[in-house]
Every structure is written in C-alpha cells, then in structure tokens.
Amino acid sequence: MRVIAGQFRSRRLQTLRGTALRPSSDRLRETLFNVLGAAVEGSLFLDLFAGSGAVGIEALSRGACAAIFVENHPAGAALISRNLTSLGIPMAQRVASHKTFAGIAEILRMDAVEALEMLADSRARVDFVFADPPYANVRVYEDILGFLGGSDLLARNGLVIAEHQRNLDLLPIAGRLERTRVLEQGDSALSFYTPIFAA
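Residues numbered from 1 in each chain as written. Predicted model: local features only at pLDDT ≥ 70, side-chain atom pairs only at ≥ 80, totals over all residues. Heavy atoms only, no water.

**Considering the sheet that holds strand β5 (residues 154–165)**
Ordered in space as β3-β2-β1-β4-β5-β8-β7-β6, the eight strands form an open sheet in which the pairing is mixed. Single-partner strands in this sheet number two, and they are β3 (105–108) and β6 (173–174). Bridge count for β6 against strand β7 (residues 177–185) is two bridges, and the pairing is antiparallel. Bridge pairing in β7 places Ile-173 opposite Glu-178. Along the sheet face, helix α5 (residues 138–150) touches β1 (44–48), β4 (126–131), β5, β6, β7 and β8 (188–195) and points at about 175° away from the line of β5. (Pairing = 2+ DSSP bridges. Helix = DSSP H or I, 4+ residues; strand = E, 2+ residues; numbered from the N terminus. Contact = heavy atoms within 4.5 Å. Axes fitted to C-alpha atoms, helices over the stretch in contact; angles between N-to-C directions.)

In structure tokens, the structure reads:
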C-alpha cells in the first residue's frame, strides 16, 4: 500500500497481515480524495477506525494541517505510529486534561465514540471526519452519525464520509447531518454527509 499523491507520494505504508485490519483500497482512497480536492489543504482531518492510518496520512500528504487518528486496536495504533515515523511526520502528545490539540498528527487509542466525545468536550472543530468501522457493525455507523449530527464537533462547512458495504443503506438524515452523495466502487461505498442549517 502506498501514499497516492502529495508530499509523500509513492511512499510505502506498512500493513498488518491477516484480517485484524481491512485497509481502504488505493482505488477507493483515490476516489475519496479526488472528491475532496483542494479543500483538504489546511484542514483538520479526523480518521476514525484508522487501521494503518492510510487515509489520514493521505490527507496530511495533500496538505491537511493536522490529522487525528483514532484506533482502539493495539496493533493498529502501533502500526500508525510506525507509518508516521517512517514518513517523518511529527506526533503530538495530548496533555492529561485532554483539552488541547497541537502538532501535525495525534493517535488516540480509544473507542471511536469516546474519542468524538472527548474532542467535542475540548471544543475542537474538525473539517473532515472519515469513518471506516468494521462493515458488519451497523450499529456503530448509527452511533457515530448520531453523535456528529447532534454535536458541534464538525465545522460549519465540514464533511463526514463513511465507508461501508455497498449493499448497506445508511441513514439519509442523522440529526443535523444530511447524506448528499453516495459513491460505489466494487463491494464498497462512500456516503458523504454535510451539516443541515435552518433556513
């Protein structure tokens, strides 16, 4: 697996053998970032269920100012750290109070919803949230979308992207989030959500 474009273009990323992690395919990542385009530059990118960190690293390579990687799997969190180190990407250490984010990359080894709650409590504003939970865990999609649709964590012009099985129809509306686009590729799909504002 390689970084597709940007500063780290063609640099190889490590992955785990076996089925512990299911990385997003290069083709799907390329499709995602073709859609996001130049909006990634200068953004704060949140990569949930980050696995190898490939999506968040791609965002950094394309000009995101910072990325937060959330991965509860110990081997996955260690893998993200190795990939960041191999590329020379500095990692921030969150202070005990969990109130600040500083630096270009940060790994949170915790449950995705707990991480969202903590970031919301710290009054962070995230421009992009990419969520790629285990495909079979339909409930976690609803939990994540429900939280993001009811909190102020997502920036006003932010975007939530969920990767899921092609045959899974996610919620069209989740609180203040509305699904605006679905892109299908092979057995996978990307659903895009944007904030709804009162008229």
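After that view of the structure, there is still more to cover.
**A word on helix α1 (residues 26–36)**
Given 3.6 residues per turn, any residue in an α-helix points the same way as the ones three and four places further on. Among all positions in α1, only Leu-28, Arg-29, Leu-32, Phe-33 and Leu-36 are buried. Buried residues of α1, seen end-on, are gathered within an arc of 125° and therefore sit on one face of the element. Exposed and facing more than 90 degrees away from the buried side of α1 are Arg-27 and Asn-34. Check the buried side of α1 and you find it contacts β1, α2 (54–61), β4, β5, β7 and β8. A positive phi of about 55° marks Gly-37, the residue just after α1. (Buried < 20%, exposed > 50% of the residue type's maximum accessible area, 1.4 Å probe, protein only. Arc of directions from axis to C-beta.)

**Structural notes on a negative patch on the surface**
Where like charges cluster on the molecular surface, the negative patch consists of Asp-111, Glu-114, Glu-117 and Asp-121. Counting through the fold element by element, Asp-111 comes out in the loop between β3 and α4 (112–121). (Patch = residues over 30% accessible without salt bridge, like charges linked within 9 Å, V, L, I, M, F, W, Y side chains within 5 Å. Areas by Shrake-Rupley, 256 points an atom, 1.4 Å probe, with all protein chains shown as cover. Salt bridge = Lys/Arg side-chain N within 4 Å of Asp/Glu carboxyl O. Lys, Arg positive; Asp, Glu negative; His and termini not counted. Charge placed at Lys NZ, Arg CZ, Asp CG, Glu CD.)

**Some words on the pairing of β8**
A large share of β8 lies buried, amounting to six of its eight residues. Here six bridges tie β5 to β8, and the two strands are oriented antiparallel to one another. Bridge pairing in β8 links Glu-163 to Leu-190. As paired strands, β7 and β8 are joined by eight bridges and run antiparallel to one another.

**Looking at unusual backbone geometry**
The phi angle at Phe-49 is positive, at roughly 55°, despite the residue not being glycine. With respect to the helices and strands, the residue Phe-49 is situated in the loop between β1 and α2.

**Observations concerning the packing of α4 against α5**
Their axes nearest at 10 Å, the elements α4 and α5 cross at an angle of 10°. What the angle tells us is that α4 and α5 run roughly parallel. For the pair α4 and α5, contact is made by Ala-112, Val-113, Leu-116, Glu-117 and Ala-120 and by Asp-143, Ile-144, Phe-147 and Leu-148, respectively. When grouped by side-chain class, the residues that make up the contact of α4 with α5 number seven nonpolar, no polar and two charged. (Parallel < 35°, antiparallel > 145°, perpendicular 65-115°, else oblique. Nonpolar A, V, L, I, M, F, W, Y, C, P; charged D, E, K, R; others polar.)

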